[in-house]
Every structure is written in structure tokens, then in C-alpha cells.
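Residue-level structure breakdown
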Amino acid sequence: MTFKSPDDAVFRKKYNYFKSLLANNNQALALINDLENIVLEHKPFDYDDVLRQCEQLVKTVYEIVEDVNAVSRGKFEDLFVAAERIGVSVLREFTHRKRIEKTTWTHPLASLSHENKSQVGNKAANLAEISNRANLPTPRGFSITAFACHHFFKASGLYELIREEMKGLDVKDGESLENTCSRIQKMVMDAPLPDGVHNAIQKELKTLTDEFGDHIRMAVRSSATGEDSQHASFAGQHSSVLNVLPRDILRAYKEVVASTFNPRAVFYRRKKGYRDLDVLMSVLCLMMIDARASGCLYTIDPSDPMNDDIFINANWGLGVSVVDGSVPTDYWQISKESRRVVIQDIPVKIEMHVMRGEYGLTKVPVPPEKQKEPCLSAEELKRLVEYGIKLENHFGEPLDVEWAVDQAGEMFVLQARPLQRVKQSGKADCQHENIDDHAHEMLMSAGMTASPGSAWGPAYILEEENGLSDVPQGSVLVTRQTSPDYVAAMSRICGIITDVGSVTGHMASVAREFGIPALVGTGIGTATLKPGEIITLDASRRHVFRGKVESVLNKRPPVNLMKDSPVFKLVRQVLKKIIPLHLIDPNSDNFSPRGCLTLHDIVRFAHEMAMREMFMIGEDVKEDQGQYMSIMLNTSLPLNIYVLDLGGGIRGRAGGASVTHDDIVSIPFNALLKGMSHRDVRWTGHRPVIPNAGPGISESDDQAAPEHPGVPHYAIISDEYVNFSLKLGYNFVTIDAFCSNRVNDNYIKLSFKGGAADIGRRKRRAGLVEGVLRKLGFKVEAKVDMLFAEMKKYDLHRTQEKLDIIGRLLGSVRFLDVVLTDDGQLAWYVDEFLRGNYAFKGN
């Protein structure tokens, strides 16, 4: 852009600061808009990205404060205090670490209850509650507290090392995630345990060995803070070490602590809204049950809230094969009301896990005489159902229960967590009367609904030679068995089909949390489906069709995985110090640095003050250079417009107090004023009608944001240039344009930002402006209530035409916040404006 630049050094320096402020102002508003979009969109966000955006915003706001003070020669030094106060407060929120409750290093389960969950995690606290208050049998054991883990990390310097390793990690990059997690886990395993933690664990273990002997085996299980909660189950994401000899307990403890950084756990944590160091690992140490049979129980159908039947899965030996979905398992569906078996499925069971050897389990064949037999007798089944109902009543919510029956026939409860279940029946969603299954080629009809819903995409058959990192976006994962490892691919897949697995397994729990349809235990999925073929999965009705079947697909609202998570709550709290705009009226008493409560307020205040200072530029120059002073523009418009002429924009300026439209010779500004002054654009006394809402509304009903008589609007012009800043109602508009006979130099840039109205109204008005500009040929970037539009290299005449229409648009949309109550109205308003109905009058 070229224009007649004044030679005055003071002006040039001041104008450069002013241009810097305008650029920073646009950057700050874009950052604010992006941050606001985070809480409006129903999808996960990256915590580190939010932190980086906030850091950049604070930096940009500081630069704005420096710019406005440079423009004004230090008139607003109090603004530095406000920026420092708010900026530090924002960044301090991100560095604040959850306060760790100081406790002893260990607790025997006999001394705990549900109230101790912040100290020992939900898994340990719930198990203690079951034993000590619900009075059901559980294994003996103890808990190593979250405070012990905190002390371990702090004393060994692991916090700093982990934070450095995790900095900038993209969890979607599978290889980088694996490598980073491997390095952190090695650090944890190599770090020495503090003496206090070491001695406390040995003391608890000695209590057990003194009573039961040195031959006992231990189960060392994760019980992290946040695990097994209503918001996040963390099912299968952390590790458990089973069949541990007393001498190996410290090694097993560190291995479980290190599993905080399992790749799948890190991915899950980020997607569910937990910072990496929000989760501290408490560890539950239990005496192993030499199980004859084990399994899981759900106290309701997890996929259908209308079904209160109890679900039970079981296998011989230890329950690992049930939760990891590696083998077929016995399945019962039992009526809670009548206690009668509704469904029973007893497959051939050929493998089971047993305690054999040291440190870990051994997979062995099921004896031939047991392979076709149910794992539970009718009496044991009845007792297990009663346990489940008693626990559900005790905790007051549906539960996912793990259990075991030992060799002597005694039944133990091993774990109880809140049951993650769908909020709407996916089955009901899909049972449309117009679905004709015979009209489409059905590839298979089998299995059990682990997570309801429907999806379509190419089938991806997971083989050993092609890992999860190769799973393409939008595919349906088809695999032999379920696995909690699949969580790392859940951002790329739309559905899951497995040959074996159960509805009570870990993967099923996570699939329901992520809202991914899953069909398990089909027996034939990997053999029937072909790699890459397009299929439609109807997990609710247990069908798979060839191709895309529109009638089966149901649009479910997106799952907000982060809702109510620690990170979501933190970011929402921080944004209260960033987004709200309190400084609306420049003439109000609180329009001052002290009145700035948010970073948005500082941006608004600085912009307004910079405008005022630029348009009083004559105070900083000699009297005989009055040509650089701003001047009032007298027009028929109800707007106070101040003009600063950089050269050639006003005809024959002789130092008068004001000019008229006729005096303006700036080509782009003239075009804007022509449009704004169009005879059919009503600036006062009329509010637009609502489509199909009856007669028009009288002037007295007008509740739109008023044009305050004292609010100034600013235009910086030259013969071929304009920068025009307006406040229309509660909306802020800036038009920057160059218009000449040099086609390659011509451009129009427009920015629009909503103000104090509710978000729905702000988005709709911005949507109307966007719709018009797109049809005019502008390139538009829009987010929430903010947009940037640009048009380049149009000839002189066409650039003038576009500016004329923008002028008409400015006057036409200012009252629309009130009447735009429905997104469906936008198309009507766009079309009516382009037809020339600038007042939006009804027929």
C-alpha cells in the first residue's frame, strides 16, 4: 500500500506504533475467539495447545499495552498494572498443581472406606468399603497411598524429568508416544524408592506374612487418583502385576507406578481431560485368590438404560481372560426382578490363566472335562447375583464388579467401579420402522452389543504384521479379540468388530466412554470381512451390511470426552479471566484500566484509547501542521465519525472544524459512505421482521443495542486508502481497503467481532455477515462470532462496488441480534439483503 506519508517524524513514529497496535489487536481477538471456541465445541482439545495460546495471548496483550502507551506518550501506565495482574493470574492457574493430601505412606484395607478415595484412589477405597461396610468377602491387603507416589517422584526428581519428556508430545504420533513413554517408564524403574516408602511397604507385607506365611502371592494393582470414577474408568489403561512373591513387591510397585505412562494410558488421559501429573498412582496390594473361576458382573445392561438385567461373564481360572477379551467366556443375562436366567451361553473354553511360577500368570489348557461345563453352579450364580444387587444398593448406582471363586468354593469381590453406560438407547435409535434388512446385503449377524450405535467405513483387519499405528482414519477396526490397547486408535476408528470378547471387558467400557459402536464375540468377523471393503456396522442390532446403508446410520450427538474433567473445569475457569467483555460503553465511568477485569477488556480499552490518541495527533505537532489533525465528518448518518487524512483524502482542507461527505475524495471511503447512505438502508426507527412471524414490530419494541450518540467511529484515509473502525451496537467492525487503477494493489479486508450479546445471537449475526460476503466472492475465515474476510486484485470499479455493498451491509445488520433467534433464518436474511431488501421488510 502507498499513500502520501507525512514527513513529520513524530507522526511517523506514532503511526508505526498505532499500526503495531492494530496488528496485535487482531491477533489478540483471534486468540480470544479460538479459546472461546474450545468451550463451545463438543470435542476434546489439547491442554498444551490451550496453554500455548494463553501464553501467546498474555504476551500479545503486554505488547498492546506498550503500543498504546507509546502512542499516547505514557498516559495509560496503569494499564501495565492491570495486564500484569490478569496475565499472571491466568498463567498461575495453569501451573497450579492439585494439592496432595499429606498422609502416611500405606494403609491396611481394614482401616479404609470410600471416604479415603483421595488418598488411595477409588479402586482401593471402594474395595475397603465393600469389606468394612457392605460386609462382603474381599482379599486381605493394603494400599500404598498417592502421597507415597508424590514423595517418590519429588525425592527422585522425576517430576521435572517427566515434565521435560512430555513437553510438546503429540499423542496422535504413535511412534513418538511409544518412545517417550518407554523413556519415562525406565526412569521410574531406575529411580530409588525413598526409605520411608520402602520401609512402610515392607512393614505392611510383614503383617500379612506373619499371619499367612511366606508362601503368599500378591496382586499389585493400580488405584490411581481419578481411576474408576464416574467421569473416567481408565479400564485396562494401567497395569497390574499378579502372582508376586513378597520379595518382589517393590519391583512390582514401581512397575505399576510406571504404568501411569503406558502409551494407552497417556492417550486416554489426554482425550479424557487429565493433565499428565493430575493422575498420581496409589497402588492396591492384595493377597492373590487361587481362583477356580473368575469374571465380571454388570448390575445393568450397559448399552440400554431401559434394561436392568444383570450381565455376568466368567472363565475358569483367573479373570484376566475375561477383562482382556482374549478367549470365549460363559455368559448369563439374569432378570434382576425375578432372578431368572434370561440368556445363557456356555461356549467351549480351551484356555485359562493360573498362578504358576513366579511374577505373572501362566496360560494353560482347560481340562477336557471342564471345557463345555459352566464355570458357575446354579447356587454360585444365585449368590453372585445377590452380591451384585447388594453392592448396587450400597453404593446407590449401577456397578461393574470383578469377582472370583476360590478352590474351596468361597466367593470374593475383587473390585467395584461405577458402570459407564450410554445416556440414550442406541438400540432405540436404530430401530426405525423404515429399515428393511432384506433390501441390503447382510454380511453377518452375530455377536453381542458392547457399545451401541452404527457406523460405516472401510474394514481394517488387524493382523500382527500391521499394527495400530497403521489404522486409517474413519475405518471399522476388525480384530480377533478385544484389547484395552485399542484406545490409542480410537481417535481414528468409527467402529469395532471382534471375534471373541465380552460386553464386560475393559475395551467395551472404553468404547462406550468414547461413543464408538462395538460388536464383540461374533466368532466370524475376521474370517468374513475383507480388508478395505466398505461396510456398515449396526452394533445395536448386531448386524454388518455390505456398503454404506443410510437407513441404518443414526446421527448421534458427539461425545464430549472432556466434559466435567479436571482440565475442562480448569480451562473454563481460566477463560473467565480472558473472554468476557465488560467494557462496552467508552463513556461509562468504569471504562478505565481499573475497570479491566479480563484480557479482552484490556484489548478493548487499549484499542479505544489508541484511536482517540491517533485522532488527536495535532496535539503532538506544531500548529502549522494542523493538516494531520482529525476532523469531524458531518453526514446524515447517526454516527460520530472522525477522519484523519494522511494525504489527499479530503478536498481542499483549510483547517475547518468539520467536513461533509462532499469534501471526501478518498476513493474507498467514498464508496463505503455511499453504501452506508443508501436511501433504503435504515439507520434509525426500524427493526427488521422475523420471517413468518406475522406483522412487523413497532419502533417502541426495539430492544437492539443502541448507537450511543457519543461513541466515536474512526477513519484513517488517503486518496486511495481507508482504515475504518466502527462499533455498531455491541459489534466491532474494521474495514481496511486500497482502491486504485493498479489492479494488483487493490484489496478489501474486513474483520468482524461480536460483543456483549449471548453467544447464539453473536454467532448468528456473524453468520449472516459471512453468508453475504461469501456470495460477494470474499474469502472468509469464521469462528464463533468472529470473521476475517478478504478480496484481492479486483479492478477499481468492482472494488468500489464491493465497498458500496459493504456499506449497505453495515447499516442493515446492526439491529439483527434481537430477531435472529434461529439458525434457520440466516438463509432468508442473506437472500433478502442481496435482493436489495436492506430493511428486511416482510411481504
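Use the structure listed above.
As the structure is a computational prediction, the values presented were derived from the model and not from experiment.

Before going further, it helps to spend a moment on the sheet that holds strand S12 (residues 399-406). The strands that make up a sheet pair up through hydrogen bonds in the backbone, lying either parallel or antiparallel. Within the open sheet, the six strands sit side by side as S9-S8-S7-S6-S12-S13. Their pairing is antiparallel. Each edge of the open sheet is held by one strand with a lone partner, namely strand S9 (341-345) and strand S13 (411-418). Sheet twist, expressed as the average angle between the axes of neighbouring strands with direction ignored, equals 15°. Inspection of the sheet shows strand S8 (residues 330-334) paired to S9 by four bridges, in the antiparallel sense. From the neighbouring strand, Trp332 faces S9, where its bridge partner is Gln344.

Attention shifts here to unusual backbone geometry. Phi angles above zero are rare outside glycine, and Asn243 is one such case at about 60°. Among the secondary structure elements, Asn243 is positioned in strand S4 (residues 241-244). Residue Tyr359 is not a glycine yet carries a positive backbone phi of 55°. Owing to a relative accessible area of 18%, Tyr359 belongs among the buried residues under this scheme.

The subject of this paragraph is the packing of helix H10 (residues 263-272) against helix H14 (residues 506-514). Working note: a packed helix pair is described by the angle between its axes plus the distance between those axes. The interhelical angle for the contact between H10 and H14, taken along N-to-C directions, is 25°, at an axis separation of 12 Å. In terms of orientation, H10 and H14 fall into the roughly parallel class. Crossing geometry of H10 relative to H14 is assigned as left-handed. Only Val510, Glu513 and Phe514 of H14 make contact with H10, whose side of the interface consists of Tyr268, Lys271 and Lys272. Looking at the contact of H10 with H14, its residues break down into three nonpolar, no polar and three charged.

What the eight strands build is an open sheet, ordered S14-S21-S20-S16-S17-S18-S19-S15; its pairing is mixed. Single-partner strands in this sheet number two, and they are strand S14 (442-445) and strand S15 (448-451). Each adjacent strand pair in this sheet contributes to an overall mean axis angle of 30°, direction not counted. Judged from the three bridges that link them, strand S16 (residues 454-461) and strand S17 (residues 475-479) form a sheet pairing that is parallel. Directly across from Ala459, in S17, lies its bridge partner Val476.

Residues Lys563, Lys569, Arg572 and Lys576 make up a contiguous surface patch of positive charge. Residue placement: Lys563 occurs in the loop between strand S21 (543-546) and helix H16 (566-575).

Scoring rules and cut-offs
- Residues numbered from 1 in each chain as written.
- Predicted model: local features only at pLDDT ≥ 70, side-chain atom pairs only at ≥ 80, totals over all residues.
- Heavy atoms only, no water.
- Pairing = 2+ DSSP bridges.
- Helix = DSSP H or I, 4+ residues; strand = E, 2+ residues; numbered from the N terminus.
- Axes fitted to C-alpha atoms, helices over the stretch in contact; angles between N-to-C directions.
- Buried < 20%, exposed > 50% of the residue type's maximum accessible area, 1.4 Å probe, protein only.
- Parallel < 35°, antiparallel > 145°, perpendicular 65-115°, else oblique.
- Left-handed = near helix turned anticlockwise from the far one by under 90°.
- Contact = heavy atoms within 4.5 Å.
- Nonpolar A, V, L, I, M, F, W, Y, C, P; charged D, E, K, R; others polar.
- Patch = residues over 30% accessible without salt bridge, like charges linked within 9 Å, V, L, I, M, F, W, Y side chains within 5 Å.
- Areas by Shrake-Rupley, 256 points an atom, 1.4 Å probe, with all protein chains shown as cover.
- Salt bridge = Lys/Arg side-chain N within 4 Å of Asp/Glu carboxyl O.
- Lys, Arg positive; Asp, Glu negative; His and termini not counted.
- Charge placed at Lys NZ, Arg CZ, Asp CG, Glu CD.

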